[in-house]
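# Report on the structure
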Amino acid sequence: MTVHKRRRLAGGCAALGLALAPIGSAQAYELLASPKGALNLDVTAVHGWMDSRKNYAGRDGGSTWREGYIKYGFSGHRTLGDSGELYGALDWVSSATWGDGDAGGNSLGSERRTSLEEAYLGWRSGDRFPFLGTNGLDLSAGRQVVQLGRGFIINDDGLNLGKGPAGGALDRGGAYYLAPRHAFARTAVARIGGEEGLHGTAAWLESDNRAQADTELLAGTLDYTGEAGTVGLTAVHGLDVNDRWANEFTRQRDGMNVYSLRGESDLGVENAAFAAEYARQYKRSGSQSAWYAEASYTFAELAWTPTLTYRYTRYAADWDSLFTGQNSPELGTWFQGEVAANYAGIFARNTAIQHLGLRLQPTQRLSLGALFFDFTTLKRRDTRNLDARELDLYASWMATEHIAISPLVGFYTPDKSAAEGGSQVGGNGTNVYAQLVLAAFF
């Protein structure tokens, strides 16, 4: 008998496609199923049409391009009676970019690649260790996505450059915006204590992403989760980089230490959510800091249950964003501004960002949103001024159980053009950016 097992969308589109996650689910087709376990066939296909009236790569005019990928493979689990459960996944990604390449010059339109994405095996303890709780010990290793906390420091290995930078030496296969590749190349992860009370994670991670200088690091978290919320600590220690791909900035990851304190709570306010994190980074050039504070409120009694969010984020001038990545639960999480973060060069360094977001839920299958960002450059270096504002309007619609459609239009207005010390070529007028993303889950 054919059985479909529902699961959360766990990666793929850098920003907009992931906004589908709150309103839909990907599909896994169960090839085999029994009381002892299951083997699933997983297939996700995503295609995007993008157009930007302005460019940020030093060339005049705009860009029109397409991106697409197919992720396909297997996942499964097998119970071991009183000895817990084995689980794992094996999948590949085929990706491409067509047309002009993206507006930031990260891709040229000729990228094509098929490569192994995830290949990991894990074991969960079940009730083997009652004092740790159900599945209180979870061990895994291989190629996999690893996120710590809310992903402010370690989110995934999701930077997907094309042939544009470094003469193509950093090419990861195209689909720069959709970002189909998120897995670290080599990992060993131990999660202890489940998700309640005192719990933590210890991880060894190694990247094979040349744009990340093949960084290797150790990371750990210690959290306490109770009725009031979660408070947690994160620590990261850089072990090594590949000198062939490292520059003066990323070379400092060797020996770098990062520490952060974070918290999440509703503070006793129904329908509210608050979160904050403060991080300090120590490297050879000195110490740097980054932090954010966020508050959101859902008006549960109003039509379309609007959710209003405000977040302030501040990254020091030489902050290294490490593996902030692109695998975020909602649009605008850590890639803030579809034009700004993806193309215009405003990312997690030397900037303060004010963000105001509104999300509406007209139906279970349809979500509408508006995201506003205000960017302030902290230190002007070589007269580079990336002060700007951006407004993004989007929709996420699960047209069927297997097909999701997401249109977006963005309006990006910088204070300075490239000729004046900014990054936008052809003047500082408002850039109109549009895209349509279609995703199919089988």
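Residues numbered from 1 in each chain as written. Predicted model: local features only at pLDDT ≥ 70, side-chain atom pairs only at ≥ 80, totals over all residues. Heavy atoms only, no water.

Now for the pairing of strand S16 (residues 351-360). Moving residue by residue along a regular strand, the side chains alternate between the two faces of the sheet. Relative to S16, strand S15 (residues 307-315) is paired through nine bridges, and the arrangement is antiparallel. Counted as the bridge partner of Tyr 312 is Gln 354 from S16. Judged from the ten bridges that link them, S16 and strand S17 (residues 366-377) form a sheet pairing that is antiparallel. Within S17, the position partnered with Arg 359 by the bridge is Gly 369. Connecting S16 to the next strand, S17, in antiparallel fashion are five residues. (Pairing = 2+ DSSP bridges. Helix = DSSP H or I, 4+ residues; strand = E, 2+ residues; numbered from the N terminus.)

Here we come to unusual backbone geometry. Note on backbone geometry: most residues besides glycine have negative phi, and most peptide bonds are trans. The backbone of Ala 213 sits at a positive phi, close to 60°, despite the residue not being glycine. At Asp 214, a position not held by glycine, the phi torsion is positive, near 50°. Turning to its location among the elements, Asp 214 is positioned in the loop between strand S9 (197-206) and strand S10 (216-226).

Glancing now at the environment of Gly 357. Among the structural elements, Gly 357 can be located in strand S16. Take Gly 357: its relative accessible area is 6%, and that puts it in the buried class. Spatially, the C-alpha atom of Gly 357 lies 9.8 Å from that of Leu 331, the residues being 26 residues apart in sequence. Aside from chain neighbours lying at most four places away, what touches Gly 357 is Thr 307, Leu 308, Thr 309, Ala 370 and Leu 371. (Buried < 20%, exposed > 50% of the residue type's maximum accessible area, 1.4 Å probe, protein only. Contact = heavy atoms within 4.5 Å.)

Counted under the stated rule, the structure contains 18 aromatic pairs. Both rings, one in Phe 335 and one in Phe 347, keep their centres 4.7 Å apart while their planes meet at 55°; by these two values the pair is tilted. Taken together, the residues Phe 335 in the loop between S15 and helix H1 (340-344) and Phe 347 in the loop between H1 and S16 connect sequence positions twelve residues apart. Taken together through their ring pairs, the aromatic side chains of Trp 65, Tyr 176, Tyr 343 and Tyr 433 make up a single cluster. We note Arg 124 situated over the ring of Tyr 87; from NZ or CZ to the ring centre the distance is 3.8 Å. Above the face of the Phe 249 ring, Arg 349 is positioned so that its terminal group lies 3.9 Å from the ring centre. (Phe/Tyr/Trp six-rings, centres within 6.5 Å; stacked < 30°, edge-to-face > 60°. Lys NZ or Arg CZ within 6 Å of the ring centre and 35° of its normal.)

Another point: the confidence of the model for the protein. Mean pLDDT over the protein stands at 92; residues scoring 70 or higher make up 93%. The model gives residues 1-26 a pLDDT under 50, and that stretch makes 95 contacts with residues more than four places away or in other chains. (pLDDT = per-residue confidence, 0-100.)

Within the secondary structure, Pro 130 sits in the loop between strand S6 (112-124) and strand S7 (137-143). Looking at Pro 130, the relative accessible area reads 66%, which means it is exposed. The sequence separation of Pro 130 and Leu 378 amounts to 248 residues, and the corresponding C-alpha distance is 51 Å.

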